[in-house]
Amino acid sequence: MRSIARGLGLGSAAMALTAFTALAWPGAADAAPAGTASLYAPSALVLSVTAGEDADAGTVLRAVTLVCAPTPGGTHPDPAAACAELRANSPELDALATPAPGTACTREWNPMTVTADGVWEGRRMSYAYTFGNPCGLDHATGALFGF
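Source: prediction; values computed, not measured. (Residues numbered from 1 in each chain as written. Predicted model: local features only at pLDDT ≥ 70, side-chain atom pairs only at ≥ 80, totals over all residues. Heavy atoms only, no water.)

Visitor: What is the right way to look at unusual backbone geometry in this model?
Guide: One can expect most non-glycine residues to show negative phi and most peptide bonds to be in trans. In this model, A69 is joined to P70 through a cis peptide bond whose omega is 10°. Turning to its location among the elements, P70 is positioned in the loop between β2 (59-67) and β3 (73-74). Positive phi, close to 50°, is recorded for E121, a residue that is not glycine. Following the sequence through the fold, E121 ends up in the loop between β4 (112-120) and β5 (123-131). A residue is classified by how much of its surface remains accessible, and E121, at 37% relative accessible area, is partly exposed. (Helix = DSSP H or I, 4+ residues; strand = E, 2+ residues; numbered from the N terminus. Buried < 20%, exposed > 50% of the residue type's maximum accessible area, 1.4 Å probe, protein only.)

Structure, rendered in structure tokens:
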């Protein structure tokens with residue numbers, strides 16, 4: 001009799017543990033099939049402007065955050081336009097950093113470096129571009145670095 005009660009007790013404990021695991025384990029009971037994509041891939045960047053030709057050794061003058069998914073946001077002054085430019089030009093952002101045609105700047109060497117670091121559409125992104133002087137930065141064609 002004792003072995004029957006003990007067997008029932010162990011069986012009940014095993015069933016309770018299975019039920020608890022199915023209910024309490026995050027995603028265990030309703031796990032998505034392998035290979036399905038989430039609603040959006042993460043896209044969040046830190047953009048900065050640094051005085052100097054090396055972003056690591058220069059002085060950061062200003063920086064903003066840019067979040068593009070699920071909706072544009074962050075501290076960037078125009079996140080919707082910046083996100084649209086990223087979608088159109090990523091992963092090669094040099095087109096956004098080049099000065100507008102017809103821009104007249106002096107040829108002084110006073111380098112300014114812009115950076116974009118973070119995650120873009122689920123992939124790590126690290127971008128840097130050095131302008132010869134602040135005039136080139138001020139006349140860049142894109143809204144991405146216009147902060």
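Don't stop here, the text continues.
Visitor: So what exactly am I meant to see when it comes to the sheet that holds strand β1 (residues 44-51) here?
Guide: With antiparallel pairing, the five strands of this open sheet are ordered in space as β3-β2-β1-β4-β5. In this open sheet, the two edge strands, each paired with only one partner strand, are β3 and β5. (Pairing = 2+ DSSP bridges.)

Visitor: Sorry, what's going on with the nonpolar core here?
Guide: L47, L66, L86, L93, M125, L144 and F145 are the most contacted members of the largest nonpolar core, which has 24 residues in total. Elements with a minimum of two residues in this core: β1, β2, α2 (79-89), α3 (94-97), β4 and β5. Considering every element that reaches this core, the biggest residue donor is β4, with four residues. In this structure, L93 is in contact with L86, M125, Y127 and L144, ignoring residues within four places of it in sequence. (Core = buried A, V, L, I, M, F, W, Y, C linked by side-chain atoms within 4.5 Å. Contact = heavy atoms within 4.5 Å.)

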